[in-house]
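Take a look at the letters that make up each chain.
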Amino acid sequence: MTGTGRIQHAGMAAKVMSADAAVEHIRHGDTVGMSGFTGAGYPKVVPQALAREITAAHDAGQPFRVNVWTGASTAPELDGALAAADGIELRLPYQSDPVSRQKINDGLMEYIDVHLSHVAQLAWEGFLGPLDVAVVEVSGITAEGALVPSSSIGNNKTWLDRADRVVLEVNSWQSADLDGMHDVYYGTALPPHRRPIQLVEPGDRIGEPYLRVDPDKVVAVVETDSPDRNTAFAAPDDTARRIAGHLIEFLDHEVSVGRVPSQLLPLQSGVGNVANAVLAGLQHSRYEQLTAYTEVIQDGMLDLLRSGKLALASATAFSLSPTAVEDFNANAREFRDRILLRPQEISNHPEVIRRLGVLAMNGMIEADLYGNVNSTHLMGSRIQNGIGGSGDFARNAFISFFVTPSTAKGGAISSIVPMVSHVDHTEHDVHVIVTEHGLADLRGLAPRRRAQVVIDHCAAPEYRPMLADYVERAQTGAYGRHTPHLLAEALSWHTRYLETGSMLPS
């Protein structure tokens, strides 16, 4: 046993080395699967050592770039450090680092945006090519060689299984009381041997509490004591509170007419201030014994667990502010029986999401008059973060909500436009759109009816006359088809913004 007590397997303890020594096992051109999901559970020191190694190689005139696969976004110590060193050739499936984003949009780094539930199966199917190295953070190694996951699972199971070489970071900063909070399912298979996932309640355990690894593949173990890097959320502002109010009022109506049970259905919530505002609104609602089947557990969900409003939460990772992380680590034992962390291929599994009837709440950049949603690109071509798991949930949810403030950039950009500049979620997967002005329930409405309710209930007042005029003219003459559009004008609002700095006419 080492001095930290986190490595109890003698064979693994014999492989403890520095991060600088560990990166000798990563070579130019390798594909590296790294742990990490929304700033939780990512390796802290090996990526920084790798960035130094890459910089030294570049200074010596030698090529050194790697392909990086993760669970989702990570942190500056990983994405930021490697991107700044110009060390990433290709990145998938989701990122939020500003340095990476700039390099992707400048064409200096390739990026593949993938539905999060698809990544593991794509790796197993071989469509992404071989995986050379896995670099995975864990919170401990048992005497039998099992790995205690840390604050996220993501794609770690797949990386450990598929990689030729494995580097483990054992992080003693992660709470020891995470042990027992995970449910790692090893029953997935490829066609024609695929079987149903036997999960019928959000809290069902269908796997085991540890990750497996072939000890012979482990080439290095690195000890760390470093915190997850998470960004503090801003307190909900009036806009976010109004969005939350509309959404909760809608849920009250759905319960009153018998379409949703009195304790609601399992909740899924994207990350961000608006999502936290909705969760805060539920804290003061009439609902009890709520459940969550989601990707991430954020501050608002932790508050609901503590108050007892939320009976249990299933996710693949935490996404907590620094204050909430400190609180969780100090009280992890209190939550251990009410939180389950699963591989993201299970937390985002379409079959399970549909079976459970999840109420999915996700953010967006813009929506158009007919309910198509863009959640990834600014002005049609500049990637922001990625689709993440929103598509997994939206396509299969019992009710799919997309929420956003009605304007951005001080009113210069309307979030409701004639035609979205990029489509991530088609009108077929979008049930309800919510802004601070109201809520548009698009279920059961044909395109022209959808346009009217989106304008009346979601658009900012200063943009409503322009939207109404567009629809009216699009319905006349040769243009009046099933989904009326004026193709010469459909993206003119975006063009006007790029040329003048505002979607509003001068």
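Residues numbered from 1 in each chain as written. Predicted model: local features only at pLDDT ≥ 70, side-chain atom pairs only at ≥ 80, totals over all residues. Heavy atoms only, no water.

Novice: Run through empty space enclosed by the protein, naming residues and quoting values.
Specialist: Under the counting rule described, the total for this entry stands at one cavity of 30 Å³ or more. In this structure, the largest cavity occupies an estimated 70 Å³ of space. Lining the largest cavity are Ala40, Ser151, Trp173, Gln174, Asp228, Asn230, Phe318, Leu320, Val325, Phe328 and Asn329. In terms of residues, the lining of the largest cavity owes the most to one element, helix H11 (residues 322–330), which gives three residues. Looking at the lining of the largest cavity residue by residue, the classes come out as six nonpolar, four polar and one charged. (1 Å grid on protein atoms, 1.4 Å probe; cavity = no way out; pocket = protein on both sides within 12 Å on 5 of 7 lines; lining within 4 Å. Points joined across faces, edges and corners; volume = space filled by probe spheres on them. Helix = DSSP H or I, 4+ residues; strand = E, 2+ residues; numbered from the N terminus. Nonpolar A, V, L, I, M, F, W, Y, C, P; charged D, E, K, R; others polar.)

Novice: Could you give an account of helix H10 (residues 299–307), with specific residues and numbers?
Specialist: Side chains of residues three or four places apart in an α-helix project in the same direction, reflecting 3.6 residues per turn. Taken together, the buried positions of H10 are occupied by Asp299, Gly300, Met301, Leu302, Leu304 and Leu305. Of the residues one or two after H10, Gly308 is the one with positive phi, at around 90°. (Buried < 20%, exposed > 50% of the residue type's maximum accessible area, 1.4 Å probe, protein only.)

Novice: So what's going on with the side chain of Glu137? Residues and values would help.
Specialist: Note on placement: Glu137 falls in strand E5 (residues 133–141). Judged by relative accessible area, which is 0%, Glu137 ranks as buried. A polar atom in the side chain of Glu137 sits 2.5 Å from the side chain of Lys44. In this structure the side chain of Glu137 is engaged in a polar contact, spanning 2.9 Å, whose partner is the side chain of Ser150. Residues contacting Glu137, with those up to four places away along its chain left out, are Ser35, Gly41, Tyr42, Pro43, Lys44, Ser150, Asn156, Glu169, Asn171, Gln174 and Asp228. (Polar contact = N/O pair within 3.5 Å; in protein donor to acceptor, adjacent residues only side chain to side chain. Contact = heavy atoms within 4.5 Å.)

Novice: Talk me through the pairing of strand E2 (residues 66–69); I want residue IDs and the actual numbers.
Specialist: A two-sided burial pattern is seen for E2, the buried positions comprising Val66 and Val68 on one face and Asn67 and Trp69 on the other. Direction of pairing for strand E1 (residues 31–34) relative to E2: parallel, over a ladder of three bridges. Bridging across to E2, Thr31 finds its partner in Asn67. With respect to chirality, the unit in which E1 leads through helix H3 (residues 46–59) into the neighbouring parallel E2 is right-handed. Judged from the four bridges that link them, E2 and strand E3 (residues 88–92) form a sheet pairing that is parallel. (Pairing = 2+ DSSP bridges. Right-handed = clockwise from strand over helix to strand, strands pointing away.)

Novice: Explain the side chain of Asp183 residue by residue, including any values.
Specialist: Inspection of the secondary structure assignment puts Asp183 in the loop between strand E7 (165–171) and strand E8 (218–224). Polar contacts involving the side chain of Asp183 include one to the main-chain amide nitrogen of Gly207, which spans 2.9 Å. Ignoring sequence-local partners within four residues, the contact set of Asp183 consists of Asp204, Arg205, Ile206, Gly207, Glu208, Leu340, Leu341, Arg342 and Pro343.

Novice: Give a detailed account of the layout of surface pockets, specifying residues and quantitative values.
Specialist: A volume near 410 Å³ is recorded for the second largest pocket. Lining the second largest pocket are 18 residues; nearest its centre among them are Gln121, Thr188, Arg194, Glu345 and His349. Counting residues per element, the ones that place at least two in the lining of the second largest pocket are helix H6 (119–125), helix H7 (156–162) and helix H14 (350–356). Broken down by element, the residue count for the lining of the second largest pocket peaks at three residues, all from H6. Partitioning the lining of the second largest pocket into residue classes produces seven nonpolar, five polar and six charged.

Novice: Quick rundown of unusual backbone geometry? Include the residues and the values.
Specialist: Pro93 follows Leu92 through a cis peptide bond whose omega is 0°. If you trace the backbone, Pro93 turns up in the loop between E3 and helix H5 (98–105). Here the residue pair Pro191 and Pro192 is connected by a cis peptide bond, since its omega of 10° sits within 30 degrees of zero. Within the fold, Pro192 resides in the loop between E7 and E8. With a phi close to 55°, Gln289 is a non-glycine residue in the positive phi region. For Gln289, the location among the structural elements is in the loop between helix H9 (273–283) and strand E10 (290–293).

Novice: Now, about the sheet that holds strand E23 (residues 416–417): what can you tell me, with residues and values included?
Specialist: If you trace the three strands from one edge of the open sheet to the other, you get E17-E16-E23, paired in mixed fashion. One side of each edge strand has no neighbouring strand; the edge strands of this open sheet are strand E17 (373–374) and E23. Two elements, strand E16 (residues 366–368) and E17, share two bridges in a ladder whose sense is antiparallel. Each bridged residue has a counterpart across the sheet, and for Ala367 the counterpart in E17 is Val373.

Novice: I'd like to hear about the nonpolar core, residue by residue, with values.
Specialist: With 74 residues, the main nonpolar core has Leu168, Leu264, Phe318, Phe328, Ile339 and Phe401 as its most contacted residues. A per-element tally of this core places helix H8 (residues 238–256) first, with eight residues. Not counting chain neighbours up to four residues away, the residues in contact with Leu264 comprise Leu251, Val255, Leu282, Tyr287, Leu290 and Leu359. The next biggest cluster of nonpolar side chains, apart from the first, holds 38 residues, and it includes Ala51, Ala72, Leu78 and Ala81. (Core = buried A, V, L, I, M, F, W, Y, C linked by side-chain atoms within 4.5 Å.)

Novice: Explain the packing of aromatic side chains residue by residue, including any values.
Specialist: Counting across every chain of the model gives five aromatic pairs. Relative to Phe328, the ring of Phe318 lies with its centre 4.5 Å away and its plane at 45°, an arrangement referred to as tilted. Placement of the pair is Phe318 in strand E13 (residues 317–319) and Phe328 in helix H11, with a sequence separation of ten residues. Phe328 matches Phe318 in its accessibility class, with the two residues each being buried. On the basis of an interplanar angle of 35° and a centroid distance of 5.6 Å, the ring pair of Tyr463 and Trp493 is categorised as tilted. Of this pair, Tyr463 sits in the loop between helix H16 (447–457) and helix H17 (464–474) while Trp493 sits in helix H18 (residues 492–500); the two residues are 30 residues apart in sequence, bridging distant segments of the chain. Each member of the pair Tyr463 and Trp493 is classed as buried. Through pairs of rings, three or more aromatic residues link up here, namely Phe318, Phe328 and Phe335. Lying over the aromatic face of Tyr42, Lys44 brings its terminal NZ or CZ to 4.1 Å of the ring centre. (Phe/Tyr/Trp six-rings, centres within 6.5 Å; stacked < 30°, edge-to-face > 60°. Lys NZ or Arg CZ within 6 Å of the ring centre and 35° of its normal.)

Novice: Can you lay out the packing of H10 against H11 for me, pointing to particular residues and giving the numbers?
Specialist: Look at H10 against H11: their axes get within 10 Å of each other, and the N-to-C directions meet at 35°. As H10 packs across H11, the resulting crossing turns out to be left-handed. Contacts between H10 and H11 involve Asp299, Leu302 and Arg306 on the former and, on the latter, Ala324, Asp327 and Phe328. Its residues assigned to classes, the contact of H10 with H11 shows three nonpolar, no polar and three charged. (Axes fitted to C-alpha atoms, helices over the stretch in contact; angles between N-to-C directions. Left-handed = near helix turned anticlockwise from the far one by under 90°.)

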